[in-house]
Every structure is written in structure tokens, then in C-alpha cells.
Amino acid sequence: VCANEVRLGRYKAINRFGIAVYRKCSSGYPNISLSAPLPGIPKPVFAAVDSHEQCETKITTLENGLKVASQNKFGQFCTVGILVNSGSRHETKYPSGIAHFLEKLAFSSTAQYGSKDEILLTLEKHGGICDCQTSRDTTMYAVSAEVKGLDTVVSLLSDAVLQPRLLDEEIEMTRMAVRFELEDLSMRPDPELLLTEMIHAAAYRGNTVGLPRFCPVESVEKIDKKLLHMYLQSYYCPERMVLAGVGIEHEQLVACARKYLLNVKPVWGASTPTNVDLSVAQYTGGIVRMDMSDVSLGPTPIPELTHIMIGLESCSFLEDDFIPFAVLNMMMGGGGSFSAGGPGKGMFTRLYLNVLNRHHWMYNATSYHHSYEDTGLLCIHASADPRQVREMVEILTREFIQMAGTAGEMELERAKTQLKSMLMMNLESRPVIFEDVGRQVLATGKRKLPHELCDLISNVTASDIKRVTTKMLCSKPAVAALGDLTEMPSYEHIQAALSSKDGHLPRMYRLFR
């Protein structure tokens, strides 16, 4: 019904012959203003929540050193999990791949549950699901379920993290899963995961975040229950853990933590945090190549491309320069040559305007920013036909050099707005809030709220972008190259181009081509 028609005391209807007719409103208020409260209707009473209380992240440290962090979010479901300061960067004294194995073994049989199926059936009673993810510096066990099942969820998490059985058959099944994943990794049409592994190996050769995130083939048979227990004894201690929850009352979560995580003895015995590897990441720069010029892909519709990723050292997420680097990464943007959309999809970022829109033969140009507690890496990934690799590399080196120029006011404001928009949209999701709360509390012991981060983003200036880029360009490049590398320029030439004023590669003269 049209508002204006209601105000005039009539409404539009269709009679049985399909003809529109006007009829008088049956209500006794033919001249009602919809901007004023209706007569005789009681005034609504809205629930009031203090704005500070609503967005505040509450943190409590238990007697054993475990931190409990929660964020209130109204709803029927909650996300609760345990984050551990443990990942592939901590495997210096062990065969690489332990974190990968633990990810696959998560939520298997425990002291309380006979199998993974039992765990899943228990969670199903509360509409729950579980997941475990490992990265280079963090392992995350998470459960999403109904709020009324919180006690069961925390009990299950405690059991999964501190009381896993690690049976021989489970470890053997994990070996098979890891082998399959390694095969799949090398056969994927999208080589982003493989290139990310290679660029980290090149940038931090043989140390911390440069250690392989995926278990190498030679380590698959070496990892057994005894080795896993040795690793867990060192890294799975309360001081290195955070129990994070979103969508529950803080007091409830603390009570459950005291009940199930305070005086629990792990299955591997007393923790020995003295054996923790405290190495600081050493950026080395360098190149990792995987030449596939003599490999035939067979009759496949996928084009044969060469992928190049060039990276430079940025900063850790604990430094003030982290925000300017995040804005710079958003300003570079990029994506695939078949992406569609307007400014919201990043079509006005530099890698679209300067690279993909001008060079039709490039399939991809995307900027990435990886940041850790002691270092960071800003890199650009590009792919093209193997015959145009040299030209593609020169385009990338020119883009790196042009980062140090003065950013335009409009493109800087667009990048800042886009970053804030992406941040706020991601934080609409409960699992994303959980991960944000857990990771920040694990790394810093506190949490910066979204509005604080938005203020920091708004304060970034063109001079900040220029300053951090100039500093970044002083580091040695890290290069990952995958595919037919016949036309690939040498590492020394790439380094020379990034040290020049215009980013051009040194000229090569050949008698024969």
C-alpha cells in the first residue's frame, strides 16, 4: 500500500476482472501521518547496551598463565577455540612438518572420546562444527555451536588439545593424507600456495618463517608419536595459549576455563617451556626456482604459464609502520585478468591500471602482504606466457620503484576507504571476530578494536607511504619462479633493477636468439 494513499484514506486493489480500483481504508484514521506515532499504540521500549560494554574485549589471565578472552555478540550461536603460539616456524630442532601433522590429527580420539565420529556426534547435539588450522606462527582449534552447549564445547576443546591419544593407525592415516596433499599441491592449476612457500623459503633461507609450512616428503616417515609428544611438551603449555570466545558471557567462559583447563595434566606430562625456540626471523633475500621447461603438461586446456613472485622485507604487525604497509598493499591491489567489477573489486588499484589494463598478455598481477611478530614481506605475484617473462619481471620492478613516488590524494583515500571497508565487512562474521580476538591477545596480550584501527588507517599520509617504501627498497629482493624459466632474468639483474631509479633491467645483447 502506498504511504500517500494511506494518508488520503484509500488504497489500491485489483478486482476479480484484473482492473485496479481504489477503496476506502477500513481504519478510522483516513488522514494518518506515517512520521508520527499511531494513536493508541504503546510506545516501544528498546534494550539499551552501553556502547563501550558492547565492543570491549574482556581478558582474564588464569593462575597457570592461560589467557581467556571474550567478545560479546548477541545470538544463539558462539565460536570458542584455543589458539597456541606454535607453528612451522618453531620446528628448527625437529623435522619439518610436525605442525602440519598436528593439524590433520586434531579432533581425533582423546582420553574422553573414542574416535573423531564420537566428537562430531557430541557437537551435532549442539548444532556444532569443529576445525583446526595451522599457520607459520599459530595453531588454532575452533568450535562453533549453540551457546547453551558452552560447557561441553570447552571440555571437548581441552580434551582435543591436551589429551589426544595419537594412535598408530591415526598417525598412519595422517601420513596418507599428507602425501595426498603434497601431490595435490604440485598439481594445482592455481600455484599461489606453492609460490607462497617458495617466496618464504627465498626470503628467510633456512630459518623461522622460511621453514616449510607443509611437511616435506622426506619427513613423512620420521614423524611418530614420541616426536609429537616431545614437541607438544615444549610448545603446548598454558603460557603460550589463549582460550578465545565470541558470543558468550565472559564470566561463563572463565568459569569453564577454570573447570577444564586450570589443573589439567596433559597426556605428554609436565610442560618444558625452556625448550622453546625463541629465534628472531633473519631476512636473507634470495631466489628459489622450480624450472618446468622440460615438463610436458599433456593435452590440457589450461594455458602453460610462468609464475613470478618478487618480495621485499616490510615490517612486523607490532610496529607502527604496519598500517601504512597495509594501505600500500591495498593501493597496489590487483587480481586476475578476468576479474570483473568496479572500484569495490579493486579495478582502480595500481596493478590493474598500470599493469593488467596496459599489458593484455599478463594473466595475473596481485599484491600480497605477509606479516609476523618480528618481520614482514610485501610481494607481487604475476603470471604470463613463458616467452614474455623478462618483460613481465621488468614491469614488476618498475612498479616497486614507483611505489616510492608520491601517492595521489584520490588513490590514497580510495585505498584507505577500501581497507576500512574490508576490515569492517570481515568483522561482521563471528568466526573472523574470534580469530582476530585470539590472534591479537596471543601476540600482544590485548586487542585493538575496529574503530581504533580505522582511526590509524585514516591518519596514514602520502609521506608515510613514501617513507616505508623507501625503507623497503633498501632490502634485498626475494624471488620465487615457477614454470618455463628459459627467458628468466638473473637474480643479480633483478636486484640491479630494484636499486635503479627507473626499475629497468640491465640490457642484454645477444648475437643469436
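Going by an unreviewed UniProt entry, the protein carries the name Mitochondrial-processing peptidase subunit alpha and comes from Oncorhynchus tshawytscha. According to the UniProt record, the Subunit (unreviewed entry) comment for the protein reads "Heterodimer of PMPCA (alpha) and PMPCB (beta) subunits, forming the mitochondrial processing protease (MPP) in which PMPCA is involved in substrate recognition and binding and PMPCB is the catalytic subunit." The Function (unreviewed entry) comment attached to the protein in UniProt states, word for word, "Substrate recognition and binding subunit of the essential mitochondrial processing protease (MPP), which cleaves the mitochondrial sequence off newly imported precursors proteins."

It is worth spelling out the overall build of the protein at this point. Assigned secondary structure in the protein consists of 17 helices and 14 strands. Out of the 513 residues belonging to the protein, those deemed buried represent 50%. For the protein, long-range pairs separated by at least 24 residues make up 77% of all intrachain contacts whose partners lie at least 6 apart in sequence. Here the protein displays about 25700 Å² of accessible surface, and carbon together with sulfur accounts for 55% of that area.

The next subject is the pairing of strand S10 (residues 306–313). Buried residues dominate S10, accounting for 7 of its 8 residues. Two strands pair when backbone bridges link them, and S10 and strand S13 (residues 376–384) are joined in this way by 8 bridges, in the antiparallel orientation. Considered in S13, the bridge of Met309 is made with His381.

Within the largest apolar cluster, 74 residues are counted, with the highest numbers of intra-cluster contacts made by Val80, Phe107, Tyr141, Val154, Leu228, Tyr236 and Leu243. Here the element with the most residues in this core is helix H5 (residues 150–162); it accounts for 8 residues. In this structure Phe107 touches Lys116, Ile119, Cys130, Asp131, Cys132, Tyr141, Ala142, Val143, Leu156, Leu157 and Ala160, once residues within four positions along its chain are discounted. Among the nonpolar cores identified, the runner-up in size contains 52 residues, and Ile323, Trp361, Phe400 and Val479 belong to it.

Within strand S8 (residues 241–246), 6 of the 6 residues are buried, which leaves it mostly tucked inside the rest of the structure. Residues of S8 alternate between two faces, with Met241, Leu243 and Gly245 on one and Val242, Ala244 and Val246 on the opposite face, all of them buried. Pairing of strand S4 (residues 67–71) with S8, which is carried by 5 bridges, proceeds in the parallel orientation. Among the inter-strand pairings, Lys67 is bridged to a residue of S8, identified as Val242. Across 6 bridges, strand S5 (residues 77–84) lies against S8 in antiparallel orientation. Paired with Val80 across the strands is Gly245, a residue of S8.

This paragraph deals with helix H8 (residues 225–235). Every buried residue belonging to H8 is among Leu227, Leu228, His229, Tyr231, Leu232, Ser234 and Tyr235, and all of these are buried. If you follow the buried residues of H8, they end up packed against S5, helix H3 (98–105) and helix H6 (168–187).

With that settled, the discussion passes to the sheet that holds S5. Read from one edge of the open sheet, 6 strands run S3-S4-S8-S5-S7-S6, paired in mixed fashion. Of all the strands in the sheet, the pair left with one neighbour each is strand S3 (57–61) and strand S6 (129–134). With direction set aside, neighbouring strand axes in the sheet form an average angle of 15 degrees.

For the rest of this paragraph, the subject is the sheet that holds strand S14 (residues 478–483). Read across the sheet, 6 strands follow the order S9-S14-S10-S13-S12-S11 without closing on themselves; strand pairing throughout is mixed. Of all the strands in the sheet, just strand S9 (286–291) and strand S11 (334–336) have a single pairing partner and so form its edges. Across the sheet, the mean angle separating the axes of adjacent strands is 20 degrees when strand polarity is ignored. Taken together, the 3 bridges between S11 and strand S12 (residues 362–371) define a ladder with antiparallel strand orientation. The residue bridging Gly336 from the neighbouring strand is Asn364, located in S12. Its contacts with the sheet place helix H12 (residues 389–402) against S10, S12 and S13, and it is angled at close to 25 degrees to S10.

At a minimum axis distance of 9 Å, the contact between H12 and helix H17 (residues 491–499) shows a crossing angle of 30 degrees. In this structure, H12 crosses over H17, and the sense of that crossing is right-handed. Counting all contacts with H12, which are made through Arg390, Val393, Thr397, Phe400 and Ile401, the residues of H17 involved are His493, Ile494, Ala497 and Leu498. Grouping the amino acids of the contact of H12 with H17 by side-chain chemistry returns 6 nonpolar, 2 polar and 1 charged.

What follows is about the side chain of Arg390. Mapping Arg390 onto the fold places it in helix H12. For the buried residue Arg390, which engages in no salt bridge, the nearest side chain bearing the opposite charge is Glu394, 5.8 Å off. Contacts of Arg390, omitting those with residues within four sequence positions, involve Glu487, Pro489, His493, Leu505, Pro506, Arg507 and Met508.

As a further point, take helix H4 (residues 116–124). Looking at H4, one finds that the buried residues are Ile119, Thr122 and Leu123. With its buried residues spanning 95 degrees around the axis, H4 presents them on a single face. Seen from the buried face of H4, the exposed residues on the opposite side, beyond 90 degrees, are Asp117, Leu121 and Glu124. For H4, the secondary structure elements touched by its buried residues are S6, strand S7 (139–146) and H5.

So, about the pattern of salt bridges. Taken as a whole and judged by the stated rule, the model has 17 salt bridges. The residue Arg136 makes a salt bridge to Glu197 at a minimum N-O spacing of 2.6 Å. Separated by 61 residues along the polypeptide, Arg136 in the loop between S6 and S7 and Glu197 in helix H7 (residues 192–203) bring together distant segments of the chain. Given the relative accessible area of 5%, Arg136 is considered buried. Put simply, Arg188 and Asp184 hold a salt bridge, and the shortest N to O gap is 3.1 Å. Look at Arg188 and you get partly exposed, because its relative accessible area is 39%. When its relative accessible area of 30% is taken as the criterion, Asp184 is described as partly exposed.

Interhelical geometry of helix H10 (residues 322–332) versus helix H13 (residues 409–426) gives an angle of 105 degrees and a closest axis separation of 9 Å. It follows from the interaxial angle that H10 and H13 lie roughly perpendicular. Two secondary-structure elements touch here, H10 through Ala326, Val327, Met330 and Met331 and H13 through Glu411, Leu412, Ala415, Lys416, Gln418, Leu419 and Met422. Across the contact of H10 with H13, the residue classes tally to 8 nonpolar, 1 polar and 2 charged.

Scoring rules and cut-offs
- Residue indices begin from 1 for each chain and proceed along its sequence in written order.
- Local features in this predicted model are restricted to residues whose pLDDT is 70 or higher, and side-chain atom pairs enter the listing and the counts only when it is 80 or higher, whereas totals over whole chains, interfaces and linings include all residues.
- Side-chain figures throughout are based on the complete set of non-hydrogen atoms in the structure, without hydrogens or water.
- UniProt positions are given in the numbering used here, feature names are shortened, and annotations may be inferred rather than shown by experiment.
- Elements are defined by DSSP. Helices are runs of H or I of four residues or more, strands are runs of E of two residues or more, and each kind is numbered from the N terminus.
- Working definition: with a 1.4 Å probe on protein chains only, accessible area under 20% of the residue-type maximum means buried, over 50% means exposed, and in between means partly exposed.
- Residues count as neighbours in contact if any of their non-hydrogen atoms are within 4.5 Å of one another.
- Residue exposure ignores everything except the shown protein chains as possible cover, and the areas themselves are Shrake-Rupley values with a 1.4 Å probe.
- Two strands pair if DSSP finds at least two bridges between them.
- Among the buried residues, those of types Ala, Val, Leu, Ile, Met, Phe, Trp, Tyr and Cys that are joined through side-chain atoms within 4.5 Å form a nonpolar core.
- As a rule, the C-alpha atoms of each element are fitted with a line to give its axis, helices using only the stretch in contact, and angles between N-to-C directions run from 0 to 180 degrees.
- Each crossing gets its hand from how the near helix is turned against the far one by less than a right angle, where anticlockwise is left-handed and clockwise is right-handed.
- For this classification, Asp, Glu, Lys and Arg are treated as charged, while Ala, Val, Leu, Ile, Met, Phe, Trp, Tyr, Cys and Pro are nonpolar and the rest, including Gly, are polar.
- By the counting scheme adopted, Arg and Lys are positive, Glu and Asp are negative, and His together with the chain ends is not counted.
- Each salt bridge in this description consists of a side-chain nitrogen of Lys or Arg and a carboxyl oxygen of Asp or Glu lying within 4 Å of one another.
- Of all possible arcs, the one meant is that of the directions from the helix axis to the C-beta atoms.
- Roughly parallel means an angle under 35 degrees; roughly antiparallel means over 145; roughly perpendicular covers 65 to 115; every other angle is labelled oblique.

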